[in-house]
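# Structural overview for review
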Amino acid sequence: PAILELLAKGNVNTVHLYADATEEILAAGKKYGIMFQIDVHARKGTSADYIRKWKNHPSVLSWYTYDETFTTEWGRSHLAEIRKTIADGQAADPYHPVVMLENVHGMNYVTEKGLDFPGKIPTLDYYAYPPSSNVELWNNYSKAILSFGEQDGRPAWAVPFMSGYAFHASRDMSPAE
């Protein structure tokens, strides 16, 4: 809760909650005006139960199921299970979107195979730090993730990581950034 207070003072209004939700954390979110995307860790057969437990809390923004799944052989061979987990979660809580996140490699796989992006909101993360990338590429990938929802009016979320990746390209953002 103290971290949430600090984040709120810095104008943060949304947090991805990787740890298990607790009443204390969610209540602090409500107190400080922070909404949570709650990671359900794609609990096989239990994600929907976890979602039902917290779905009525006013600090819930969305449910997060899978992370960069189509970059792996498991994800590519378990599309039916991925879709079922997301559909079961959405049935458990029709009022908050159940999403998964892909990186550009997984998004390209989905595009090349002619698949639809699972979930209510196609979501893409992109490590847009130099020298491996640039703003023009980020713009192209943003447009690509938007294209998944164009047929049925779904929005898209694009998540740029402009300050690097801790393990192999750590850097702080500059004052201008």
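These remarks concern the structure in this document. (Residues numbered from 1 in each chain as written. Predicted model: local features only at pLDDT ≥ 70, side-chain atom pairs only at ≥ 80, totals over all residues. Heavy atoms only, no water.)

Attention shifts here to the sheet that holds strand S1 (residues 14-17). Note: strands within a sheet are paired through backbone hydrogen bonds, in either parallel or antiparallel orientation. Spatially, the six strands line up as an open sheet ordered S1-S2-S3-S4-S5-S6, and their pairing is parallel. Every other strand in the sheet has two partners, leaving S1 and strand S6 (157-161) as the edge strands with one partner each. Taken pair by pair, the neighbouring strands of this sheet meet at an average axis angle of 25 degrees, ignoring direction. Across the face of the sheet, helix H2 (residues 23-32) comes into contact with S1 and strand S2 (35-39) while running at roughly 150 degrees to S2. (Pairing = 2+ DSSP bridges. Helix = DSSP H or I, 4+ residues; strand = E, 2+ residues; numbered from the N terminus. Axes fitted to C-alpha atoms, helices over the stretch in contact; angles between N-to-C directions. Contact = heavy atoms within 4.5 Å.)

In this section: the packing of helix H1 (residues 2-9) against H2. At a closest axis distance of 9 Å, the pairing of H1 and H2 adopts a crossing angle of 25 degrees. Classified by the interaxial angle, the pair formed by H1 and H2 is roughly parallel. In this structure, H1 meets H2 at a crossing whose hand is right-handed. Residues Leu4, Glu5 and Ala8 of H1 pack against Ile25, Ala28, Gly29 and Tyr32 of H2. Of the residues belonging to the contact of H1 with H2, the class tally is five nonpolar, one polar and one charged. (Parallel < 35°, antiparallel > 145°, perpendicular 65-115°, else oblique. Left-handed = near helix turned anticlockwise from the far one by under 90°. Nonpolar A, V, L, I, M, F, W, Y, C, P; charged D, E, K, R; others polar.)

Position of aspartate 39 among the secondary structure elements: in strand S2. At 3.3 Å, the side chain of aspartate 39 forms a polar contact with the side chain of histidine 16. If we skip the residues at most four places from it in the chain, aspartate 39 touches His16, Leu17, Tyr18, Tyr50, Tyr64 and Thr65. (Polar contact = N/O pair within 3.5 Å; in protein donor to acceptor, adjacent residues only side chain to side chain.)

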